[in-house]
Amino acid sequence: LQFLILSSTSVEVSETVLALSGEEKEETVAEITRKSRPKISAKNAKELVLKIDENYGEIIESAVAGTAVPKALVIAVIAQESKGDPTVKSPTGCQGIMQFCGPTAKDYGLCDNSKCSGRDDRIIPEKAIPAGAQLLQDDLSIFSGYTDAVSFALASYNGGPGTIQGAIKATGKTNPSWNEVSAMIDEPLIAKYYKGKYFDTTEERNAKAREIRQYVARVLTYVAAYEQATEKE
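Because the structure is a prediction, the values reported are computed rather than measured.

**Overview of the confidence of the model for the protein**
It should be kept in mind that the predicted coordinates are not to be read in detail where pLDDT is low.
Right, on to step 1. Mean pLDDT over the protein: 86, with 82% of residues reaching 70 or higher.
Right, on to step 2. In this model, residues 1-22 is a region of pLDDT below 50 whose contacts with residues beyond four sequence positions or in other chains number 54 contacts.
Right, on to step 3. The model gives residues 28-38 a pLDDT under 50, and that stretch makes 25 contacts with residues more than four places away or in other chains.

So this is what it looks like as structure tokens:
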């Protein structure tokens with residue numbers, strides 16, 4: 001899977017990033033991190049992804065073996081979701097190194113029920129990382145027919161496949177770009193697909209729309225940082 005063959009996003013990451021080397025690539029990654037919101041310094045991004053690789057690289061390699069999910073993509077998702085801290089818990093109840101929420105954790109065998117009462121393997125990297133890799137694989141499969149499948153899959157990891165499929169449909173195109181789909185992720189779309197105490201105000205729904213739109217660029221920032229750092233090894 002050539003997952004960096006992408007169209008432009010709000011933070012442009014394309015196959016040209018990996019085609020560069022040396023100072024050119026360093027400048028490109030610096031530009032990516034400069035534009036991302038919130039800002040991520042190139043130095044901090046590289047340090048973080050290398051730390052995640054050092055701590056969990058073997059688990060990740062085992063988890064992605066035989067799948068279409070690149071190791072760099074899992075590392076980047078971990079960097080964005082938890083910064084490699086398996087104890088992190090979000091205000092919405094998502095938890096662990098891959099930030100699974102209860103219902104999804106149940107679907108992927110990390111909990112026995114959607115509230116994760118009792119057994120909760122979200123905080124165990126050896127179990128959560130393979131589950132996260134499988135979720136990414138499933139999201140990639142859902143959007144495999146699109147040119148920007150990777151961007152859609154990443155957005156789905158954050159916002160759910162139904163939300164992204166709804167945004168794709170809203171473009172009225174059979175193969176829209178991520179930019180076109182991203183423009184459709186707005187407060188009314190969130191209101192259609194999200195219910196509950198964290199999404200019952202316009203402000204909260206707008207915040208979730210922004211989060212999904214920005215998520216892809218942020219993860220790809222870490223992908224580029226990891227590829228740059230490991231290229232020099």
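So that's the structure; there's more coming.
**Details of the side chain of aspartate 139**
Right, on to step 1. By the element assignment, aspartate 139 lies in helix α6 (residues 125-142).
Right, on to step 2. Despite its burial, aspartate 139 pairs with no opposite charge; the closest candidate is lysine 208, at 12 Å N-O.
Right, on to step 3. Apart from residues no more than four positions distant in its own chain, aspartate 139 is found in contact with Ala153, Ser156 and Tyr157.

**Some words on the packing of aromatic side chains**
Right, on to step 1. If you walk through the whole model with that rule in mind, you get 6 aromatic pairs.
Right, on to step 2. Considering the side-chain rings of phenylalanine 143 and tyrosine 146, the 6.4 Å spacing of their centres and the 45° angle between planes classify their relative orientation as tilted.
Right, on to step 3. Judged by relative accessible area, phenylalanine 143 falls into the buried class, the value being 1%.
Right, on to step 4. Note on phenylalanine 143 and phenylalanine 152: the rings are 5.9 Å apart at their centroids and 70° apart in plane angle, and the pair reads as edge-to-face. Pair check on accessibility: phenylalanine 143 and phenylalanine 152 agree, each one buried.
Right, on to step 5. An aromatic cluster is defined as three or more aromatic residues linked by ring pairs; in this entry it consists of Phe143, Tyr146, Phe152 and Trp178.

**Quick notes on the state of the cysteines**
Right, on to step 1. Throughout the structure, instances matching the rule amount to 2 disulfides.
Right, on to step 2. Two residues, cysteine 111 and cysteine 116, share a disulfide whose sulfurs are 2.0 Å apart. Its S-S torsion of about 95° marks the bond between cysteine 111 and cysteine 116 as right-handed, since a negative value means left-handed. You'll find cysteine 111 and cysteine 116 in the same group, each marked buried.
Right, on to step 3. Sequence-ordered numbering of the bonded cysteines in the protein yields a pairing of 1-2, 3-4.

**Looking at the nonpolar core**
Right, on to step 1. Residues Ile60, Val74, Met98, Ile129, Leu154, Ile164 and Ile185 are the most contacted members of the largest nonpolar core, which totals 61 residues.
Right, on to step 2. Secondary structure elements with two or more residues in this core: α3 (42-64), α4 (71-81), α6, α7 (149-159), α8 (161-171), α9 (178-184), α10 (187-193) and α11 (202-231).
Right, on to step 3. For this core, the element with the highest residue contribution is α11, accounting for 10 residues.
Right, on to step 4. Apart from the residues within four sequence positions on either side, methionine 98 is in contact with Val74, Val77, Ile78, Glu81, Ala128, Ile129, Gly132, Ala133 and Tyr157.

**Describing the layout of surface pockets**
Right, on to step 1. For the largest pocket, the calculated volume is near 1,200 Å³.
Right, on to step 2. Every element with two or more residues in the lining of the largest pocket is listed here: α4, α5 (102-107), α6, α7 and α11.
Right, on to step 3. No other element matches α11, which puts 6 residues into the lining of the largest pocket.

**Some remarks on the pattern of salt bridges**
Right, on to step 1. Within this structure, the stated rule accounts for 10 salt bridges.
Right, on to step 2. With its nearest N and O atoms 3.5 Å apart, the salt bridge here joins aspartate 121 to lysine 127.
Right, on to step 3. In this structure, a network of salt bridges that share partners links the residues Asp112, Arg119, Asp121 and Lys127.

Reading the values: the criteria
Residues take numbers from 1 onward in each chain, read along the sequence in its written order. Residue-level local features of this predicted model are given only where pLDDT is at least 70; pairs of side-chain atoms are given and counted only at 80 or more, and the full residue set underlies all totals for whole chains, interfaces and linings. The basis for every side-chain value is the complete set of non-hydrogen atoms in the structure, without hydrogens or water. Confidence scores per residue from the predictor, reported as pLDDT, run from 0 to 100. Throughout, a residue-residue contact means that at least one pair of heavy atoms, one from each residue, lies within 4.5 Å. A helix here means a DSSP run of H or I that spans at least four residues, while a strand means a run of E at least two residues long, and both kinds are numbered starting from the N terminus. For every residue, the accessible area (1.4 Å probe, protein chains only) is compared with the maximum for its type, and the residue is labelled buried under 20%, exposed over 50%, or partly exposed between those bounds. Charged residues are defined narrowly, with Lys and Arg counted positive, Asp and Glu counted negative, and His plus the chain ends left uncounted. Salt bridges, as used here, are contacts in which a Lys or Arg side-chain nitrogen is within 4 Å of a carboxyl oxygen on Asp or Glu. Aromatic rings from Phe, Tyr and Trp, taking only the six-membered ring of Trp, are treated as a pair when their centres fall within 6.5 Å; an angle between ring planes under 30 degrees marks them as stacked, one over 60 as edge-to-face, and anything in between as tilted. Sulfur atoms of two cysteines make up a disulfide when they are within 2.5 Å. In this text, buried Ala, Val, Leu, Ile, Met, Phe, Trp, Tyr and Cys residues form a nonpolar core when linked through side-chain atoms within 4.5 Å. Grid points spaced at 1 Å and placed over the protein atoms alone form the basis of the search, with a cavity being a set where a 1.4 Å probe fits but cannot get out and a pocket an open set showing protein on both sides within 12 Å along at least five of seven lines. Lining residues have an atom within 4 Å of a point. Grid points are joined across faces, edges and corners, and a volume is the space filled by probe spheres set on the points.

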